[in-house]
Amino acid sequence: MTRGNVDLVRAVLAEWARADFRSVSWAHEEIEYVVIGGPEPGKWDGLAAMTASVRDFMSAWEDYGIKAEGFRELDDERVLVLVQLSGRGKASGLEIGDTDARGAEIWHVSDGRVTRLVMYWHRDDALAALGLTE
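Residues numbered from 1 in each chain as written. Predicted model: local features only at pLDDT ≥ 70, side-chain atom pairs only at ≥ 80, totals over all residues. Heavy atoms only, no water.

Draft legend 1. Layout of the sheet that holds strand 1 (residues 27-36). One open sheet accounts for six strands, arranged 2-1-6-5-4-3; its pairing is mixed. This sheet does not close on itself; its edge strands, each paired only once, are strand 2 (42-45) and strand 3 (61-73). Geometrically, the sheet is characterised by an average inter-axis angle of 20 degrees between neighbouring strands, direction not taken into account. Where strand 1 meets strand 2, four bridges bridge the pair, whose relative direction is antiparallel. Looking at the pairing, Val34 lines up with Lys43 of strand 2. In this fold helix 3 (residues 123-130) packs onto strand 3, strand 4 (78-89), strand 5 (102-110) and strand 6 (113-120), with an angle of close to 165 degrees to the strand it touches most, strand 4. (Pairing = 2+ DSSP bridges. Helix = DSSP H or I, 4+ residues; strand = E, 2+ residues; numbered from the N terminus. Axes fitted to C-alpha atoms, helices over the stretch in contact; angles between N-to-C directions. Contact = heavy atoms within 4.5 Å.)

This is how it looks when you write it as structure tokens:
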């Protein structure tokens, strides 16, 4: 794997840690975006569909945040990121931190752009899918 892939993912997650979700310059126009588990699982194809999905999801939360806890190079195109989620449901008042909010993301990077992003609400599900342990 090139160091650039990890650096790209780190840079995006640094923005997300500051609750800055505006930039999508890192994403390929035909990105496949997958959310496994959580309140809104699903699959969206393309940048516009991913952006709309994220916008809808974010509108339900206050102070939503994603903090990277660790990065693991899986191969030439994939980066695994262990994350801690935070936020409070606007309607429910649910604090994500009161749940098992330890998630994981698998970033597929090709030619400096993310072509597939799989977000797991529960870290154990991601690790099991990859045949890994924490």
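Draft legend 2. Region of interest: helix 1 (residues 3-17). Over its 15 residues, helix 1 runs 21 Å from end to end, which matches the ideal 21 Å to within 8%, given 1.5 Å per residue. Of all the positions in helix 1, only Asn5, Val6, Val9, Val12, Leu13 and Trp16 are classed as buried. Angular distribution of buried residues about the axis of helix 1 spans 130 degrees; they occupy a single face of the element. Those residues of helix 1 hidden inside the fold are in contact with strand 3, strand 4, strand 5 and strand 6. (Expected span 1.5 Å × (residues − 1). Buried < 20%, exposed > 50% of the residue type's maximum accessible area, 1.4 Å probe, protein only. Arc of directions from axis to C-beta.)

Draft legend 3. Looking closely at the pairing of strand 1. Inspection of the sheet shows strand 1 paired to strand 6 by six bridges, in the parallel sense. Of the residues in strand 6, the one forming a bridge with Val34 is Val118. Hairpin connection of strand 1 to strand 2: five residues between the antiparallel strands, including Gly37 at a positive phi of 85 degrees.

Draft legend 4. Seen up close, unusual backbone geometry. In the Ramachandran plot, Ala19 falls in the positive-phi region, its phi being about 60 degrees despite a non-glycine side chain. Residue placement: Ala19 occurs in the loop between helix 1 and strand 1. Of note, the phi angle at Asp63 is positive, near 55 degrees, even though the residue is not glycine. By secondary structure assignment, the location of Asp63 is in strand 3. Taking relative accessible area as the criterion, Asp63 reaches 61% and is therefore assigned exposed.

Draft legend 5. The arrangement of the nonpolar core in detail. Counting 27 residues, the largest nonpolar core has Trp16, Trp26, Ile66, Leu85, Trp107 and Leu117 as the members making the most contacts within it. Secondary structure elements with two or more residues in this core: helix 1, strand 1, helix 2 (47-58), strand 3, strand 4, strand 5 and strand 6. Residue contributions to this core peak at five residues, all from helix 1. Trp16 has contacts with Phe21, Trp26, Ile66, Glu105, Trp107, Leu117 and Met119, leaving out every residue within four places of it along the chain. Counting residues in each nonpolar core, the second largest holds nine residues, with Leu80, Ala104, Val118 and Tyr120 among its members. (Core = buried A, V, L, I, M, F, W, Y, C linked by side-chain atoms within 4.5 Å.)

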